[in-house]
Every structure is written in C-alpha cells, then in structure tokens.
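Single-letter residue listing:
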Amino acid sequence: MAKLRILEFPDPRLRKKAVPVEVVDGPLRQLIDDMFETMDGAPGIGLAATQVDVHRRLLGRGRVAGER
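Owing to the predicted nature of the structure, the values given are computational and were not obtained by experimental measurement. (Residues numbered from 1 in each chain as written. Predicted model: local features only at pLDDT ≥ 70, side-chain atom pairs only at ≥ 80, totals over all residues. Heavy atoms only, no water.)

1. Quick notes on the overall build of the protein
- Scanning the protein from terminus to terminus reveals one helix and two strands.
- Counting from the amino terminus, the protein carries its helices and strands in the arrangement α-β-β.
- Looking at the protein as a whole, 25% of its 68 residues qualify as buried.
- Considering only contacts in the protein between residues 6 or more positions apart, those separated by 24 or more positions represent 62%.
- Of the roughly 5200 Å² of accessible surface on the protein, 54% is carried by carbon and sulfur atoms. (Helix = DSSP H or I, 4+ residues; strand = E, 2+ residues; numbered from the N terminus. Buried < 20%, exposed > 50% of the residue type's maximum accessible area, 1.4 Å probe, protein only. Contact = heavy atoms within 4.5 Å. Areas by Shrake-Rupley, 256 points an atom, 1.4 Å probe, with all protein chains shown as cover.)

2. A short note on the pattern of salt bridges
- Inspection of every chain in the model, using the stated rule, returns two salt bridges.
- For Asp 11, the salt bridge is made with Arg 13, and the minimal N-O distance between the two is 2.6 Å.
- The class for Asp 11 is buried, based on a relative accessible area of 16%.
- On the basis of relative accessibility, which here comes to 33%, the residue Arg 13 falls in the partly exposed class.
- In this structure, Asp 53 engages Arg 13 in a salt bridge whose closest nitrogen and oxygen atoms are separated by 3.3 Å. One end of the pair, Asp 53, is in the loop between β1 (46-48) and β2 (59-61); the other, Arg 13, is in the segment before α1 (26-40), with 40 residues separating them in the sequence.
- Asp 53 gets classed as partly exposed once you look at its relative accessible area, which sits at 33%.
- Several salt bridges converge on common partners, so that one network encompasses Asp 11, Arg 13 and Asp 53. (Salt bridge = Lys/Arg side-chain N within 4 Å of Asp/Glu carboxyl O.)

Following this line, the structure appears as structure tokens:
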C-alpha cells in the first residue's frame, strides 16, 4: 500500500469531473486500500478519489465514534 498525496483547495484538479466506476477490479481494489491507508493518517472522516487526483466516483468513509 502507498500513502497518497491529498490535493487541497484551491488546486484546480479538485474541479475536474469524475467518471463513474464501472468495474471493480484489482487496480480499483488497490486504490481503495491506498485511500484508506491515506485517510488513516489524515484529518476528517472521508476521502474522495478526486482528492488524491484520481477522477473516478469513489468515496471512502471511516467509522464515526459510536458507529457499528
């Protein structure tokens, strides 16, 4: 797994339109793993693929305190 660089406002890449995910395959699963690893070391409770400069409609959300 690799920790990804998170883009921050006002980076223009954050405005790029993301495309739908059509197939869940090995590379997408690796991206999901990398996003969760990145999210673990960052503030907040979620991370969109666009925030790591991958313009696909994908969002990872961590657990909120008290959530099962």
